[in-house]
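# Structural overview
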Protein chains: 2
Amino acid sequence: MIYLDHNATTPLDARVLEAMLPYLTQQYGNPSSTHQHGRAARRAIDSAREQVAALVNARPEQVVFTSGGTEANHLALLGAVHDETPARLALSAIEHASVRGAAQSLERRGWRVDVIPVDEQGRVAPDIERQVHADTRLVSVMWANNETGVVQDIRAIAKRVRKCGALFHSDATQAAGKVPVDFTTSGAHCLTLAAHKLNGPKGVGALVVERTSLLKPWLAGGGQEKGLRAGTENVAGIVGFGAAAEYARRELSGRAAQWRALRDKLESGLRTLGITPFAEHAERLPNTVQFSVPQFEGETLLEKLDQAGFTLSSGSACSSGEIAPSHVLTAMGVAREHLRNVLRVSLGAGNTEADVDAFCTVLAGLIQSSRSWRRRDAIAV
Amino acid sequence: MIYLDHNATTPLDARVLEAMLPYLTQQYGNPSSTHQHGRAARRAIDSAREQVAALVNARPEQVVFTSGGTEANHLALLGAVHDETPARLALSAIEHASVRGAAQSLERRGWRVDVIPVDEQGRVAPDIERQVHADTRLVSVMWANNETGVVQDIRAIAKRVRKCGALFHSDATQAAGKVPVDFTTSGAHCLTLAAHKLNGPKGVGALVVERTSLLKPWLAGGGQEKGLRAGTENVAGIVGFGAAAEYARRELSGRAAQWRALRDKLESGLRTLGITPFAEHAERLPNTVQFSVPQFEGETLLEKLDQAGFTLSSGSACSSGEIAPSHVLTAMGVAREHLRNVLRVSLGAGNTEADVDAFCTVLAGLIQSSRSWRRRDAIAV
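Residues numbered from 1 in each chain as written. Chains lettered and ligands numbered in written order. Predicted model: local features only at pLDDT ≥ 70, side-chain atom pairs only at ≥ 80, totals over all residues. Heavy atoms only, no water.

## Observations concerning the overall build of chain A
As a reminder, the rule being used: Only DSSP runs of H or I reaching four residues or more are called helices, and only runs of E reaching two or more are called strands; each is numbered from the N terminus. Here the globule rule reads 2.2 Å times residues to the power 0.38, and the radius of gyration is calculated from C-alpha atoms. Using a 1.4 Å probe on the protein chains alone, a residue whose accessible area is under 20% of its type maximum counts as buried, one over 50% counts as exposed, and one in between counts as partly exposed. Residue contacts follow a heavy-atom distance rule, with two residues in contact if any of their heavy atoms lie within 4.5 Å. Here, Shrake-Rupley sampling with a 1.4 Å probe gives the accessible areas, and only protein chains in the shown set may cover a residue. Neither His nor the chain ends is counted toward charge; the positive residues are Lys and Arg and the negative residues Asp and Glu. Think of each charge as sitting on NZ of Lys, CZ of Arg, CG of Asp or CD of Glu.
Scanning chain A from terminus to terminus reveals 10 helices and 11 strands. For a compact globule of 381 residues, the expected C-alpha radius of gyration is about 21 Å, and chain A comes in at 22 Å, within 12% of that figure. Relative to its 381 residues, chain A shows a buried fraction of 62%. Across chain A, contacts joining residues at least 24 apart in sequence account for 73% of those joining residues at least 6 apart. Looking at chain A as shown, the accessible area adds up to about 14300 Å², and 51% of this sits on carbon and sulfur atoms. Computing the positive centroid from 42 side-chain charges and the negative centroid from 40, chain A places the two 2 Å apart.

## Notes on the sheet that holds strand E6 (residues 167–171) of chain A
Think of a sheet as strands paired side by side through backbone hydrogen bonds, with each pair either parallel or antiparallel. Residues and elements named next belong to chain A. Rules: Each pair of strands is called paired provided DSSP finds at least two bridges between the two strands. A fitted line through C-alpha atoms serves as each axis, taken over the contacting stretch for helices, and the angle formed by two N-to-C directions is quoted from 0 to 180°.
Ordered by their spatial adjacency, 7 strands build an open sheet running E2-E8-E7-E6-E5-E3-E4, and the pairing between neighbours is mixed. A strand with exactly one partner marks an edge of an open sheet, and here the two such strands are strand E2 (63–66) and strand E4 (112–116). Direction aside, the axes of adjacent strands within the sheet are offset by 20 degrees on average. When strand E5 (residues 136–140) meets E6, the two strands line up parallel, connected through 3 bridges. What sits directly across from Val-139, in E6, is Phe-168.

## Observations concerning the domain arrangement of chain A
Residue and element names in this part refer to chain A. Convention followed: Domain start and stop points were drawn from an automatic or database domain assignment. By buried area we mean the combined loss of accessible area, with a 1.4 Å probe, across both parts when two parts are placed together. Between Lys or Arg on one side and Asp or Glu on the other, a salt bridge is scored when a side-chain nitrogen of the former is within 4 Å of a carboxyl oxygen of the latter.
Assigned domains of chain A: these are domain 1 (14–247) and domain 2 (252–380). The distance between the C-alpha centroids of domain 1 and domain 2 comes to 29 Å. Each partner contributes to the interface: domain 1 provides 28 residues, whereas domain 2 provides 26 residues. Approximately 2300 Å² of surface area, both sides summed, lies buried where domain 1 meets domain 2, with 56% of it carried by carbon and sulfur atoms. Here domain 1 is connected to domain 2 by 0 salt bridges.

## Observations regarding the pattern of salt bridges
Under the definition given, this model contains 48 salt bridges over all chains. Note that Glu267(A) and Arg284(A) form a salt bridge whose closest N and O atoms lie 3.0 Å from each other. Placement of the pair is Glu267(A) in helix H7 (residues 235–272) and Arg284(A) in the loop between H7 and strand E9 (288–292), with a sequence separation of 17 residues. By the burial criterion, Glu267(A) is buried, and Arg284(A) matches it. Asp114(B) is the partner of Arg88(B) in a salt bridge, and the nearest nitrogen-oxygen pair spans 2.8 Å. On the criterion of sequence distance, the pair formed by Arg88(B) in strand E3 (residues 88–92) and Asp114(B) in strand E4 (residues 112–116) is long-range, its members being 26 residues apart. Asp114(B) shares its class with Arg88(B); the two are buried. Residues participating in the shared-partner salt-bridge network are Arg263(A), Asp264(A), Glu267(A), Arg271(A), Glu280(A) and Arg284(A).

## As for the relation of the copies chain A and chain B
To be explicit about the condition: We superpose the copies by least squares over the C-alpha atoms of residues that have a pLDDT of at least 70 in both of them.
Superposing chain A onto chain B takes a rotation of 180 degrees plus a shift of 0.0 Å along the axis, which leaves an RMSD of 0.0 Å. Each copy turns onto its partner about a two-fold axis. For chain A, the residue whose C-alpha comes nearest the rotation axis is Ser67(A), separated from it by 3.1 Å. When the interface residues of chain A are mapped onto chain B, 100% of them are again interface residues, pointing to one common binding face.

## A short note on the interface of chain A and chain B
Which entries qualify depends on this criterion: Polar contact is the term for a pair of N or O atoms within 3.5 Å; when the atoms are in protein, one must be able to donate a hydrogen and the other to accept it, and sequence-neighboring residues count only if both atoms are side-chain atoms.
Counting from both sides, the interface comprises 56 residues of chain A and, opposite them, 56 residues of chain B. Of the roughly 4500 Å² buried at the junction of chain A and chain B (both faces included), carbon and sulfur atoms supply 61%. We note a salt bridge from Arg39(B) to Asp306(A), for which the minimum N-O separation is 3.7 Å. Viewed at the interface, chain B and chain A are joined by 12 residue pairs in polar contact (both at pLDDT 80 or more).

## Observations regarding the sheet that holds strand E8 (residues 205–209) of chain B
Residues and elements named next belong to chain B. Strand order across the open sheet formed by 7 strands is E2-E8-E7-E6-E5-E3-E4, with mixed pairing between neighbours. Looking at strand neighbours, the two that pair on one side only are strand E2 (63–66) and E4, the edges of this open sheet. Strand-to-strand twist of the sheet, defined as the mean angle between neighbouring strand axes without regard to direction, takes the value 20 degrees. Where E2 lies against E8, 4 bridges are found, and the strand directions are antiparallel.

## Focus on the pairing of E8(B)
Residues and elements named next belong to chain B. Counting buried positions over the 5 residues of E8 gives 5, a clear majority of the element. Burial along E8 is two-sided: the residues Gly-205, Leu-207 and Val-209 and Ala-206 and Val-208 are all buried. In this sheet, E8 lies alongside strand E7 (residues 190–194) in antiparallel orientation, the contact comprising 5 bridges. Its bridge partner being in E8, Thr-192 is matched across the sheet by Leu-207.

## Regarding unusual backbone geometry
For Glu225(A), which is not a glycine, the phi torsion comes out positive at approximately 55 degrees. Following the sequence through the fold, Glu225(A) ends up in the loop between strand E8 (205–209) and H7. Phi is positive for Lys226(B), close to 55 degrees, though the residue is something other than glycine. By secondary structure assignment, the location of Lys226(B) is in the loop between E8 and helix H7 (235–272). For Lys226(B), a relative accessible area of 55% gives the class exposed.

## A look at the side chain of Thr136(A)
Residues and elements named next belong to chain A. Turning to its location among the elements, Thr-136 is positioned in strand E5. The class of Thr-136 is buried, set by a relative accessible area of 5%. Other than its neighbours up to four places away in sequence, Thr-136 contacts Arg-88, Leu-89, Ala-90, Gln-131 and Ala-166.

## Some words on helix H4 (residues 97–107) of chain B
Residue and element names in this part refer to chain B. When you tally the buried positions in H4, you get 8 out of 11 residues, the bulk of the element. The complete set of buried residues in H4 reads Ala-97, Ser-98, Val-99, Gly-101, Ala-102, Ala-103, Ser-105 and Leu-106. Looking at the buried residues of H4, the elements they touch are helix H3 (69–79), E3, E4, strand E5 (136–140) and strand E6 (167–171).

## Focus: the packing of helix H2 (residues 36–55) of chain B against H7(B)
Residue and element names in this part refer to chain B. Counted only if it meets this: Each crossing gets its hand from how the near helix is turned against the far one by less than a right angle, where anticlockwise is left-handed and clockwise is right-handed. Each residue gets one label: Ala, Val, Leu, Ile, Met, Phe, Trp, Tyr, Cys and Pro are nonpolar, Asp, Glu, Lys and Arg are charged, and the others, such as Gly, are polar.
Direction vectors running N to C along H2 and H7 enclose 30 degrees, while the axes themselves pass 8 Å from each other. Every pair of crossing elements has a handedness; the one defined by H2 and H7 is left-handed. Here Ala-41, Ala-44, Ile-45, Ala-48, Gln-51, Val-52, Ala-54 and Leu-55 of H2 lie close against H7, whose contacting residues are Val-235, Ile-238, Val-239, Phe-241, Gly-242, Ala-243, Ala-245, Glu-246, Ala-248 and Arg-249. Here the contact of H2 with H7 is built from residues that sort into 14 nonpolar, 2 polar and 2 charged.

## What about the environment of Leu12(A)?
You can see Leu12(A) is positioned in the loop between strand E1 (2–3) and helix H1 (14–20). Discounting residues that sit within four places of it in the chain, Leu12(A) has contacts with Leu17(A), Met20(A), Asn199(A), Gly200(A), Pro201(A) and Leu24(B).

## Overview of the packing of helix H3 (residues 69–79) of chain A against helix H4 (residues 97–107) of chain A
Residue and element names in this part refer to chain A. The interhelical angle for the contact between H3 and H4, taken along N-to-C directions, is 35 degrees, at an axis separation of 9 Å. Both H3 and H4 take part in a crossing whose hand is right-handed. Together, Thr-70, Asn-73, His-74, Leu-77 and Leu-78 of H3 and Ser-98, Val-99, Ala-102, Ala-103, Ser-105 and Leu-106 of H4 make up the contact between the two elements. Class assignment for the residues of the contact of H3 with H4 results in 6 nonpolar, 5 polar and no charged.

## Topic: the nonpolar core
As a rule of thumb, nonpolar side chains are buried together in soluble globular proteins. Definition in use: Buried Ala, Val, Leu, Ile, Met, Phe, Trp, Tyr and Cys residues that are joined via side-chain atoms within 4.5 Å together make up what is termed a nonpolar core.
With 138 residues, the main nonpolar core has Val139(A) and Val139(B) as its most contacted residues. Setting aside anything within four residues of it in sequence, one finds Val139(B) in contact with Ala90(B), Ile116(B), Ile128(B), Val132(B), Val161(B), Ala166(B), Leu167(B), Phe168(B) and His169(B). One finds Ala72(A), Val99(A), Leu106(B) and Leu214(B) within the second-largest nonpolar core, a separate group that totals 54 residues.

Right under this line is the structure:
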């Protein structure tokens, strides 16, 4: 099987597992315990916090560990609501379901949610102020989109949001480890990260926050994570996140260059099949290409690719079961005929030129045979 | 080091780690993906759900996986609030900080929280109806207390709460794997579990719920866990929880008998030192003894035991850093002089008679030498 679905999740780096193993065996203390076992676990979390902070140029005390990106997005959106007086939020039209879901739960409490449109290349409108009102408490725009890979100009957006007096959150789940993410210079008040998107373990993420006092607690209890997120820490998971962040930081430029070369090769292969990527003129993640294969006549392209040994998806894993067209492509105004047979290739560690060649060959063959069958059916009828 | 702090956390069972390892290596799919990698991960979660359900005699579809006990307690208390009209909650006086914390966040939204007292043996008052009013939405009483180990008569309590028309939640974090916990016959509407208390991994827990429609979503997004708890699942953690639950179920009676024998030996050793356990006349967990050592003159008993190679705590790990006396012992009306030098021994897999003997000997020695030093100080003055 050739795995081309790294934006859904990545394999755990073997070096990361090695870093985790002591905390799945001898080092099993509860970090809240004051005895030797507990103190050893606490030190491991402190180190991981430094590693995660370094990946995004933040200070360790700005990192709040969570159970993943979805929870970090909820901490950002719901945590910014310090009182119960409903006000406004603004989100881009292409946010992940977890950001939209958190916003909807505020809508049910009487909040208004304004939607910031994107252009046909998936880029957030530059005049973001139009959606930011006097009572807008927080604006959320993702750093890079999980489907198209489009990278936003977060610094410019944050600057405009700050000028309006609102808090600015960016979901950097897909960006971190693929492009440089600098929290301190970005101007964002808070930033979401998830370990499993950068060869770390599932079940751990972080919200990086300018000052923890900006947020109210999400889970109350034992006071862990500066009181924002109580609960016995997932020590091995946090240690794994730290290690994955460290490798991602050290190896970022090499990984990105390798992916970009493979992606360019893939895109030129697609163009010979008459296929152009979505958002081709926007700045995109080096590992991501999303495109439609309207030449394929049928509805089972993904299934046929799966049978042929290629693991990929059409877009977000979280909406894999859905039949509705992608909200991201819809927001970009993609024409109806291009919403069928959408594929997203997302490259990762271990992908090679041979993988890309094989993919293009198999895709060409599937398109060809779908047409022959269709013609034969037509003749038979 | 002799580890006697299993109520704080337990070492991961080596067999559980073995079950997890495939999901930390080759089986890395996102369970929401519809391709082969995703489907394999989904099947693993389904199996774990069956294993966890079997531990507490629930149906698999009643198990909602969370990031731990603290989150499960929040899902129970805050999830039961379907509308925003403030009403009432009732909690026992000895609940874990995470239950009290979740209740406090409702208090800030205008809810009233009634406290159900306990007797001097740590047992919840039988006339629980006195704290359950017409507008009481939910009552929460833990199955077994983390400090004293006192086990409540959950079936009788649930029956009375149901008669009053309220929902009943029980935090069974400390009970599961130590005493039989039968969700279906208990009468509870929801039940909290945490994997790391029964030799499973940290960072995973569950809320078992009669019908998921009783609760509103805690995390929104990709719709995982029947829409109650979105976010890419911690697959390896969930698989580990399943394995730990299966071993706990199969080995429960053997483990309990072994702990009970060790605990009885420990208690008889303590009695020769003039020490009686708290709640000695109540039904207690087979692995837990909490007691005060007023004979020790000083404030560093735990530290001295740590230096002597014994890892234990005074009570909850989550409040290890606190100086305030235990809210559990305070609620039981324990006299002031017995709130000093409190120790909690919580036994687990691997503890032996030799451990108990060594502990009693060292404790006797520390008491003895603290008195000699105190006398010498007195003479010197």
